[in-house]
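Here is what each chain is made of, one letter per residue.
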Amino acid sequence: MTETPAGIEPGRRFRLETLRDIVQAELAAAGLPVAPGEHPTGTAGAVVTVDLPDLQGVLADWQEHEVLLDASRQAAAECPNPDCETHRGTGG
């Protein structure tokens, strides 16, 4: 477990972890997939984490499925339009 940074009250991490759990539950209740925070291969959905080690808040991100990322990279690589060149290798 990461140590609480100096100058931050000890209960802050607990409150942020509780908020993270609530946000995950609300997103799931809204019908959105919620991926585990460790970003395991083959998962997609919302990823909600506590800002560590700073404990400044809760972060929400979106984890795309690897199949979708691979397909978008392949499509960009095969794009005949010269404008596609600026997007090659960036995932979109």
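As a starting point, this report considers the structure included with it.

**Overview of the side chain of Arg13**
Now for step 1: The residue Arg13 is located in helix α1 (residues 12-29) in this model.
Now for step 2: A polar atom in the side chain of Arg13 sits 2.8 Å from the side chain of Glu17.

**Description of the pattern of salt bridges**
Now for step 1: Across all of its chains, the model carries three salt bridges by this definition.
Now for step 2: Residue Asp21 is joined to Arg20 by a salt bridge in which the shortest nitrogen-to-oxygen separation is 3.1 Å.
Now for step 3: With a relative accessible area of 22%, Arg20 lands in the partly exposed category.

**Thoughts on α1**
Now for step 1: Compared with an ideal rise of 1.5 Å per residue, which puts 18 residues at 26 Å, α1 spans 26 Å between its outermost C-alpha atoms and is within 8% of the ideal.
Now for step 2: Of all the residues in α1, the buried ones are Arg13, Leu16 and Glu17. In a view along the axis of α1, the buried residues occupy a sector of 100°, so they form one face of it. Seen from the open side of α1, the exposed residues pointing more than 90 degrees away from its buried face are Phe14, Glu26 and Ala29.
Now for step 3: Against β1 (45-50) and β2 (58-63) lie the buried residues of α1.
Now for step 4: Looking one or two places after α1, you find Gly31, whose phi comes out positive at around 95°.

The rules behind each value
- Residues numbered from 1 in each chain as written.
- Predicted model: local features only at pLDDT ≥ 70, side-chain atom pairs only at ≥ 80, totals over all residues.
- Heavy atoms only, no water.
- Helix = DSSP H or I, 4+ residues; strand = E, 2+ residues; numbered from the N terminus.
- Polar contact = N/O pair within 3.5 Å; in protein donor to acceptor, adjacent residues only side chain to side chain.
- Salt bridge = Lys/Arg side-chain N within 4 Å of Asp/Glu carboxyl O.
- Buried < 20%, exposed > 50% of the residue type's maximum accessible area, 1.4 Å probe, protein only.
- Expected span 1.5 Å × (residues − 1).
- Arc of directions from axis to C-beta.
- Contact = heavy atoms within 4.5 Å.

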